[in-house]
Amino acid sequence: MSGTFRKALLGTAFLCALNAGSAWADTIKVGVIAPFSGPFATVGQTFKQAIEVYQAQHGKTVAGNTVEFVYKDLDQANPAQSKALAQELVVKEKVGYLAGFFFTPDALAVAPLIDEANIPCVIFNAATSAITEKSPRYVRTSFTLWQNTVPLAEHVAKQGIRKVATAVSDYGPGIDGETAFKQTFEKSGGKVVDSIRMPLKSTDFAPFMQRIKDSGAEAIYAFLPAGPTTLGFARAFSDTGLKAAGIKFFGPGDITQEPDLPVLGDAAVGITTTFNYSQAHDSDLNRRFLAKHRELFGASDIVTFTSVGAYDGAHVIYRMVEATGGKSDGAKAVEAVKGMAWESPRGPVRIDPESRHVTQTIYLRVTERKDGRLQNTEVAGFPDQPDYGFKAGK
Amino acid sequence: METLFGIVVDGVTYGMILFIISVGLSVTLGLMRVVNLAHGAFAMVAGYVASYAAQGLGLPYAVGLVAAILFTVLATLPLEKLLYRRIYGSANELAQVLLTIGLTFVIVAGINYLFGPTLKRIPLPDALLGTVAIGPKSIPVHRAFVIAMGAATVLGLWWLLERTDFGIKLRAAVDDPNMAAALGIRTERLYTATFALGTGLAALGGVLGAELLPLEPYYAIRYIVLFLAVVAVGGAGNILGLAAAALALGIVDTAGKYLIPSFGEFFFYAALILILFRWPHGFFQGRAA
């Protein structure tokens, strides 16, 4: 092969690369970091499916730019890995937006990165209040434990219940929930008679049930992360006779999330929760959302709070792309969505300009069997709930 | 007083569930000297089969239980022939660990693919629902059933290993395989039978314990440490020692949860360390087969 020929080849390759570059210039990439394998794989699946539903309904282009989602798997809470993946997305994939994040530590780990690269980060789930305080480029479309718990505690107090025991998993969100409940409930004149922090790895919940019984509580407030633990807890609650004894069960909606309901079975019936989304939410938009989901994926069994978190997150990202005309400018993008209000499958929502967290209606739901299927029936709504935990006590 | 009673009753139940699942591991580890880290995976497979039999095919609980045990034993026998036979004996522990943990990952991925990552349940029959009163405390009928099954397993295994021809031959084959073979004992068959016994016990525990250790694909990895801890304290291959260990750890863990729940797993592991410090080879050292 002669030198000239080699140079010509190289030149052609170089030109091709340049061309390819310009052809991609109006494709905007969004990096989604979430668990797609491992014990929490369902979460990643709900994110991805909800995004696909959103793109099927609203198209893949916005203001002349094609939006493309790039998925990175983070199978369990691992902040170092989260940061490494985010870095890879920014440097190699040249993403203009970061999104996803199921666990709080993973979301927190990218704060310095998004500030340095001036990239907005839309959180689809991670629910510890403190996150959005760590960087002005965070926007969150899920919920926080404070947001769910404050209206619940007020509701419990209004029922005339005076003595409540709290039982939460011993980690960040659990402690957020416990504090929020205790503060609100005691302000409303109630008394928390026992606060139990259960190890995250607990499998046998009967001992905690005995303690609740001994405390003389009329009701319990419980929070455990969705999954094997909630199953054990709800079963122990009914098996040890606490349910039969008339003790009421309150908690945030993670405990009765839709994919777990068939497994929880009758143990879940009668649990009262507050949450931002129920599949049974009565609105045309929600019915369209679920119908599209069934059309694309055959079923809507796993649609749950993480689905709407991602669906609304995609909506926020589309608005950001529109506002920045396809250029990556995190500060401007976040500025554009402050105060933005829209109708979501969960009802009316708004991005609070100060906390950059979604202000929304929190629904009071009761788990019941309807047409042979368990569902979370919404019985009341508390509109315009902010994140009560944002800069709490500061 | 009532708290004390509660600790004992709940602790014994938890201990019995730990016992039923761990005893199979103890049998393979103690009698055949195989560190079978896939034990939890076998228990999980049985749980999934029982769940499928009950929910997918609508079979009664007892039928599902038997089917799950048979299926698990039959499905793992080829593994014994093809893989485990190469790693018997204590000379190559590293190979044992690598092979069995690899097998665990394969099973986890397979279950995840076939059944998805969500929880599965084995619905209980009406006879096992409700509660039964023991003194001032009422415990779920299902737990009482598990305690009874655990006690039956202790007695049955003790009888099998100490009082039957099979047990005598097995102990001979374990102590000196060459001499046993020279005396006309078919050691390979014995090993296959023992492996099947261990797997069957894992299957029994996986199905019975499903209410306490819920079924999901990571069951195999999540709980194996628990089972190994029980075997370490009880002494491998020692049935009565294992029962004592399971009960002791179950009661200690339960007492911790009753009294100081925020200490988490502290009491379980503290007990583990103290017991192993005093009895490095587990309770009833030297009695192991």
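Residues numbered from 1 in each chain as written. Chains lettered and ligands numbered in written order. Predicted model: local features only at pLDDT ≥ 70, side-chain atom pairs only at ≥ 80, totals over all residues. Heavy atoms only, no water.

(A) View of the overall build of chain A. Counting secondary structure elements, chain A contains 13 helices and 15 strands. Here chain A has a C-alpha radius of gyration of 23 Å; the compact-globule value for 394 residues is 21 Å, and the two agree. Carbon and sulfur atoms make up 53% of the accessible area of chain A, which totals about 15,100 Å². Of note, chain A has its 42 positive side-chain charges centred 3 Å away from the centre of its 41 negative side-chain charges. (Helix = DSSP H or I, 4+ residues; strand = E, 2+ residues; numbered from the N terminus. Rg over C-alpha atoms; globule rule 2.2 N^0.38 Å. Areas by Shrake-Rupley, 256 points an atom, 1.4 Å probe, with all protein chains shown as cover. Lys, Arg positive; Asp, Glu negative; His and termini not counted. Charge placed at Lys NZ, Arg CZ, Asp CG, Glu CD.)

(B) Local environment of the overall build of chain B. For chain B, the count of helices and strands is twelve helices and two strands. Counting from the amino terminus, chain B carries its helices and strands in the arrangement α-α-α-α-β-β-α-α-α-α-α-α-α-α. Whereas a compact globule of 289 residues would reach a radius of gyration of roughly 19 Å, chain B reaches 19 Å, a difference of no more than 12%. Burial status across chain B gives 53% buried among its 289 residues. (Buried < 20%, exposed > 50% of the residue type's maximum accessible area, 1.4 Å probe, protein only.)

(C) Broad picture of the pattern of salt bridges. All names here are of chain A. Throughout the structure, instances matching the rule amount to 22 salt bridges over all chains. Between Asp115 and Arg137 there is a salt bridge, with its nearest N and O atoms 2.7 Å apart. Of this pair, Asp115 sits in helix 5 (residues 111-117) while Arg137 sits in the loop between strand 5 (121-123) and strand 6 (138-140), placing them 22 residues apart in sequence. Among the residues examined, Asp115 registers a relative accessible area of 29% and is labelled partly exposed. The class of Arg137 is buried, set by a relative accessible area of 15%. A salt bridge links Arg287 to Asp282, with the shortest nitrogen-to-oxygen separation between them at 2.9 Å. With a relative accessible area of 42%, Arg287 lands in the partly exposed category. (Salt bridge = Lys/Arg side-chain N within 4 Å of Asp/Glu carboxyl O.)

(D) Spotlight on unusual backbone geometry. Of note in the backbone geometry, Asn118 of chain A takes a positive phi value of approximately 55 degrees without being a glycine. Examined against the element boundaries, Asn118 of chain A turns out to sit in the loop between helix 5 and strand 5. Here Asn118 of chain A falls in the partly exposed class, since its relative accessible area comes to 22%. For Arg33 of chain B, which is not a glycine, the phi torsion comes out positive at approximately 55 degrees.

(E) Molecular detail of empty space enclosed by the protein. If you walk through the whole model with that rule in mind, you get three cavities of 30 Å³ or more. Looking at the largest cavity, it is lined by 15 residues, and the ones nearest its centre are Ala236 and Asp239 of chain A together with Arg143, Glu211 and Leu212 of chain B. Of all elements in the fold, only helix 9 (228-239) of chain A together with helix 5 (141-163) of chain B reach the threshold of two or more residues within the lining of the largest cavity. The dominant element in the lining of the largest cavity, judged by the number of residues it contributes, is helix 9 of chain A, at four residues. The residue inventory of the lining of the largest cavity, partitioned by class, reads six nonpolar, four polar and five charged. In terms of lining, the second largest cavity is formed by Leu231 and Arg235 of chain A together with Lys120, Arg121, Ile122, Ala210, Glu211, Pro214 and Leu215 of chain B. (1 Å grid on protein atoms, 1.4 Å probe; cavity = no way out; pocket = protein on both sides within 12 Å on 5 of 7 lines; lining within 4 Å. Points joined across faces, edges and corners; volume = space filled by probe spheres on them. Nonpolar A, V, L, I, M, F, W, Y, C, P; charged D, E, K, R; others polar.)

(F) The side chain of Glu211 of chain B, seen in detail. By the element assignment, Glu211 of chain B lies in the loop between helix 8 (187-208) and helix 9 (219-222). Separated by 2.5 Å, the side chains of Glu211 of chain B and Arg235 of chain A make a polar contact. The residues touching Glu211 of chain B, leaving out its near neighbours within four places in the chain, are Arg235 of chain A together with Ile122, Leu124 and His142 of chain B. (Polar contact = N/O pair within 3.5 Å; in protein donor to acceptor, adjacent residues only side chain to side chain. Contact = heavy atoms within 4.5 Å.)

(G) Highlighting the interface of chain A and chain B. Every contact between the two is made by 28 residues of chain A and, on the other side, 33 residues of chain B. Taken over both partners, the interface formed by chain A and chain B buries close to 2,700 Å², and the fraction arising from carbon and sulfur atoms is 58%. Our count for the chain A to chain B interface comes out at two salt bridges. The interface formed by chain A and chain B holds seven residue pairs in polar contact (both at pLDDT 80 or more) in total. Breaking the side of chain A that touches chain B down by element, the ones donating at least two residues are helix 2 (41-58), strand 8 (191-198), helix 8 (206-215), helix 9 and helix 10 (261-264) of chain A. The biggest single contributor to the side of chain A that touches chain B is helix 8 of chain A, with six residues. (Buried area = accessible area lost by both parts, 1.4 Å probe.)

(H) Layout of the packing of aromatic side chains. Residue and element names in this part refer to chain A. Within the structure shown, the criterion is met by 26 aromatic pairs over all chains. With a centroid separation of 5.0 Å and an interplanar angle of 65 degrees, the aromatic rings of Phe143 and Phe275 are classed as edge-to-face. You can see Phe143 sitting in the loop between strand 6 and helix 6 (145-158) and its partner Phe275 sitting in strand 11 (residues 272-275), a full 132 residues away along the chain. You can call Phe275 buried: its relative accessible area is 2%. Ring centres of Phe205 and Phe233 lie 5.6 Å apart, and the angle between their planes is 80 degrees; on these two criteria the pair is classed as edge-to-face. Of the two residues, Phe205 is situated in the loop between strand 8 and helix 8 and Phe233 in helix 9; the sequence distance between them amounts to 28 residues. In this structure, Phe205 and Phe233 share a single accessibility class: buried. An aromatic cluster of at least three residues, connected via ring pairs, comprises Phe205, Phe208, Phe233, Phe237 and Phe249. (Phe/Tyr/Trp six-rings, centres within 6.5 Å; stacked < 30°, edge-to-face > 60°.)

(I) The arrangement of the packing of helix 5 of chain B against helix 8 of chain B in detail. Residue and element names in this part refer to chain B. For the pair helix 5 and helix 8, interaxial distance at closest approach is 11 Å and the crossing angle is 170 degrees. Taken together, the axis directions place helix 5 and helix 8 in an arrangement best described as roughly antiparallel. Where helix 5 approaches helix 8, its residues His142, Phe145, Val146, Met149, Thr153, Leu157 and Leu160 are matched on the opposing element by Leu197, Leu201, Leu204 and Leu208. Of the residues that constitute the contact of helix 5 with helix 8, the class distribution is nine nonpolar, two polar and no charged. (Axes fitted to C-alpha atoms, helices over the stretch in contact; angles between N-to-C directions. Parallel < 35°, antiparallel > 145°, perpendicular 65-115°, else oblique.)

(J) Quick look at the sheet that holds strand 6 of chain A. Residue and element names in this part refer to chain A. Pairing within the open sheet is mixed, and its six strands lie in the order 2-3-1-4-5-6. Each end of this open sheet is capped by a strand with a single partner; those strands are strand 2 (61-62) and strand 6. Of the pairings in the sheet, the one linking strand 1 (residues 27-34) to strand 4 (residues 97-100) comprises four bridges and is parallel in character. Looking at strand 4, one finds that Val30 is bridged to Tyr97. Against the sheet, helix 2 makes contact with strand 1, strand 2, strand 3 (65-73) and strand 4, and its axis sits at roughly 170 degrees relative to strand 3, the strand it touches most. (Pairing = 2+ DSSP bridges.)

(K) Geometry of the nonpolar core. Counting 82 residues, the largest nonpolar core has Phe19, Tyr84, Tyr219 and Phe227 of chain B as the members making the most contacts within it. Broken down by element, this core gets its largest block of residues, twelve residues, from helix 1 (residues 2-32) of chain B. In this structure, Tyr84 of chain B is in contact with Val34, Asn36, Ala38, Phe42, Leu79, Thr100, Leu103 and Phe195 of chain B, ignoring residues within four places of it in sequence. Counting 41 residues, the second-largest nonpolar core is a separate cluster that includes Tyr54, Val62, Phe103 and Val303 of chain A. (Core = buried A, V, L, I, M, F, W, Y, C linked by side-chain atoms within 4.5 Å.)

(L) Quick look at helix 6 of chain A. Residue and element names in this part refer to chain A. Over its 14 residues, helix 6 extends 20 Å from the first C-alpha to the last, a length consistent with the 20 Å expected when each residue adds 1.5 Å. Looking only at helix 6, the buried set comprises Leu145, Trp146, Gln147, Asn148, Thr149, Val150, Pro151, Leu152, Ala153, His155, Val156 and Ala157. Once helix 6 finishes, Gly160 follows within two positions and takes phi at roughly 85 degrees, a positive value. (Expected span 1.5 Å × (residues − 1).)

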